[in-house]
Amino acid sequence: MSEIRTPAALEAAVRACVEGTAVLDIHTHIYEEAFGPLLLRGPEELLIYHYLQAETNRVIDDLTPQALVALPREAAARQVWRELYEARSPLSEAARGVITALRRLGVSDIRSYEAILARFAGLSAAEHIDLVFRAANVRAVIMTNDPLNPTEAGVWMAGQKRDRRFHAALRIDPILLDWRATCERLVAAGYAVDRDLTAATYPQIARFLTDWARRMGAVYMAVSLPHTFTMPEDSPAARILTHAVLPACRELEIPLAMMVGVRRRVVPELRDGGDGVGRADLSAVAYLCREYPGQKFLLTVLSRENQHEAVVLARKFRNLHLFGCWWFTNNPSIVEEITRERLEMLGTSFTPQHSDARVLDQLAYKWAHFRPILVKALCEKYGYLMDEGWYPTEEEIERDVRLLLGGEFERFVGR
Ligand code: FIX
Ligand code: ZN
């Protein structure tokens, strides 16, 4: 239990600890091997990530956005490489991320497209997963699971899920946000629900959710919400949330994750790359935390302008756990700001980052880019303590970092 007394020793200890602690990644869109084609992996998938499609769309004029996103994978990946890596330097966070991922996964000639493809040729899914988890130092991930996706449902129904590093989260966006279109699909699955949300429909929706959450062993239920999300109000979403989703979460004793602030399909032709951001009114979150003190909520917000308010809310409610720098906030300058802000008001009682990886290989860059930011923020905070004669030990730093990289989340959800 030796105390750390100098800035240099502090830097070395914090860096070793942050690099050496295996992370629990609490929100991703990747899948384990059993889900077959749903597991996206490899350099072409990295290049056609919707972040990079949006950036490519800005610098071309020979293809419409529709034509760009409709290109077959190989042509689309080459197009992105040409435009963002050959015609200009990959300075953006997403473009840089591909370089980091490829290098961390063993590509030596990073300027050669053929060498990049060759590095991954013949790698089995199992080998690829092991390689990426090792390179990213990730111990487990939480997936985003949609029971209304037939490919996915088939895997769950057949009991094929095996890999203990992959946990489930039950995603409920279509039920909550597009009930009229989703209703028929629940009917087809054998649930006696009604498009007009009759009183008898709510317990049936709740049964659908509890059946699927149990089948998946879901750690939480999740929804991404528009910036216009309001509670309380008399809308289908608010009624389904109140009368079906929250009762189901209560029965299962699992949190509801709310990802607030997306403005879907600002440019619909770009599909996922065409989504945007809006400033939300977080009094809806405050209302839920206050009215449902026995219910746990996870929260991440998309707008930079909502971050401070979200931290203040998390200070008030012990049933609210703040996580991640989501999507448009996952840029080093903003991550640093948000992480320092959260440490300053929440100590270690939050989860500073998730990867949101859609492609397996992205785990390698998202965590490689985050770790140095966490090191810097922690050194600043421990440094302030050292200035006043409070010297941390390595064991204390390890404990704190474990909390931040998954431990506090596990405590919060009770796993
Ligand atoms: O809703 C979500 O979970 C978002 O993270 C995604 O839909 C989004 O497209 C994304 O990939 C952000 O990183
Ligand atoms: Zn996501």
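The coordinates are above.
Note that the coordinates shown come from a computational prediction; the quantities given were computed from them, not determined experimentally. (Residues numbered from 1 in each chain as written. Chains lettered and ligands numbered in written order. Predicted model: local features only at pLDDT ≥ 70, side-chain atom pairs only at ≥ 80, totals over all residues. Heavy atoms only, no water.)

Q: Help me out: how do you make sense of the overall build of the protein in this one?
A: Helix and strand counts for the protein stand at 18 helices and nine strands. Taken over the C-alpha trace, the protein has a radius of gyration of 22 Å; the compact-globule value for 415 residues is 22 Å, and the two agree within 12%. Taken along the three principal axes of its C-alpha coordinates, the protein extends 65 × 55 × 40 Å. The buried share of the protein, taken over its 415 residues, is 56%. Within the protein, contacts between residues at least 6 apart in sequence are counted, and of these 77% link residues at least 24 apart. On the protein, roughly 17,900 Å² of surface is accessible, and the fraction owed to carbon and sulfur atoms is 50%. Taking the average location of the 50 positive side-chain charges in the protein and that of its 55 negative ones, the two points are 2 Å from each other. (Helix = DSSP H or I, 4+ residues; strand = E, 2+ residues; numbered from the N terminus. Rg over C-alpha atoms; globule rule 2.2 N^0.38 Å. Buried < 20%, exposed > 50% of the residue type's maximum accessible area, 1.4 Å probe, protein only. Contact = heavy atoms within 4.5 Å. Areas by Shrake-Rupley, 256 points an atom, 1.4 Å probe, with all protein chains shown as cover. Lys, Arg positive; Asp, Glu negative; His and termini not counted. Charge placed at Lys NZ, Arg CZ, Asp CG, Glu CD.)

Q: Before we go on, may I ask you to explain the site of ligand 1 in this structure?
A: Residues in close proximity to ligand 1 include His27, His29, His50, Tyr51, Arg171, Ser224, Met259, Arg264, Trp326, Trp327, Asp356 and Arg358, which together make up its full environment. Between an oxygen atom of ligand 1 and a side-chain N or O atom of His29, the distance comes to 3.0 Å. Within the side chain of Trp326, an N or O atom sits 3.0 Å from an oxygen atom of ligand 1. When ligand 1 is considered free in solution it has 320 Å² of accessible area, and contact with the protein chains removes 98% of it. Residues that form the shell around ligand 1 fall into these classes: four nonpolar, four polar and four charged. (Near = heavy atom within 4 Å. Polar contact = N/O pair within 3.5 Å; in protein donor to acceptor, adjacent residues only side chain to side chain. Nonpolar A, V, L, I, M, F, W, Y, C, P; charged D, E, K, R; others polar.)

Q: What should I look at first to understand the pattern of salt bridges in this one?
A: Pairing between side chains of opposite charge can happen when their charged atoms approach one another. For the coordinates displayed, the defined rule picks out 28 salt bridges. Between Glu93 and Arg96 there is a salt bridge; the shortest N-O distance is 3.0 Å. Of this pair, Glu93 and Arg96 are both found in helix 6 (residues 93-104), three residues apart, which corresponds to roughly one turn of the helix. Across the salt bridge formed by Arg304 and Glu337, the nearest N and O atoms sit 2.6 Å from each other. Of this pair, Arg304 sits in the loop between strand 8 (297-301) and helix 15 (307-316) while Glu337 sits in helix 16 (residues 332-346); the two residues are 33 residues apart in sequence, bridging distant segments of the chain. (Salt bridge = Lys/Arg side-chain N within 4 Å of Asp/Glu carboxyl O.)

Q: What is the right way to look at the coordination of the zinc ion (ligand 2) in this model?
A: Tetrahedral metal sites with four donors have an ideal angle of 109.5 degrees; octahedral sites with six donors have ideal angles of 90 or 180 degrees. Coordination of the zinc ion (ligand 2) by the protein comes from His27 (NE2), His29 (NE2) and Asp356 (OD), over a distance range of 2.0 to 2.2 Å. Exposure remark for His29: the relative accessible area of 17% places this residue in the buried category. Residue Asp356 is classed as buried on the basis of its relative accessible area of 8%. (Donors = N, O, S within 2.8 Å, 3.2 Å for Na, K, Ca; no water.)

Q: Can you help me understand the environment of Trp81 in this one?
A: Assignment of secondary structure puts Trp81 in helix 5 (residues 73-86). Judged by relative accessible area, which is 5%, Trp81 ranks as buried. When the C-alpha positions of Trp81 and Gly278 are compared, they lie 30 Å apart, and in sequence the two are 197 residues distant. In contact with Trp81, not counting residues within four places along its chain, are Leu47, Glu86, Ile110, Arg111, Tyr113 and Ile116. A polar contact of 3.1 Å, which involves the side chain of Trp81, links it to the side chain of Glu86.

Q: Got a minute to help me understand helix 5 in this structure?
A: Working note: α-helix, 3.6 residues per turn, so residues spaced by three or four point in the same direction. Across its 14 residues, helix 5 extends 19 Å between first and last C-alpha, which sits within 8% of the 20 Å expected from 1.5 Å per residue. Looking at helix 5, one finds that the buried residues are Ala76, Ala77, Gln79, Val80, Trp81, Glu83, Leu84 and Tyr85. The elements touched by buried residues of helix 5 are helix 2 (43-47), helix 3 (50-59), helix 4 (65-70), helix 6 and helix 7 (113-120). (Expected span 1.5 Å × (residues − 1).)

Q: I tried to follow the packing of helix 16 against helix 17 (residues 362-387) on my own but got confused; where do I start?
A: The angle between the axes and the distance between the axes are what describe a pair of packed helices. Relative orientation of the contacting elements helix 16 and helix 17 amounts to 40 degrees, with a least axis distance of 10 Å. What the angle tells us is that helix 16 and helix 17 run oblique. Helix 16 and helix 17 meet at a crossing whose hand is right-handed. Residues Pro332, Val335, Glu336, Thr339, Arg340, Leu343 and Glu344 of helix 16 form the contact with helix 17, whose participating residues are Phe370, Ile373, Leu374, Lys376, Ala377, Leu378, Glu380 and Lys381. A breakdown of the residues in the contact of helix 16 with helix 17 according to their chemical character gives eight nonpolar, one polar and six charged. (Axes fitted to C-alpha atoms, helices over the stretch in contact; angles between N-to-C directions. Parallel < 35°, antiparallel > 145°, perpendicular 65-115°, else oblique. Left-handed = near helix turned anticlockwise from the far one by under 90°.)

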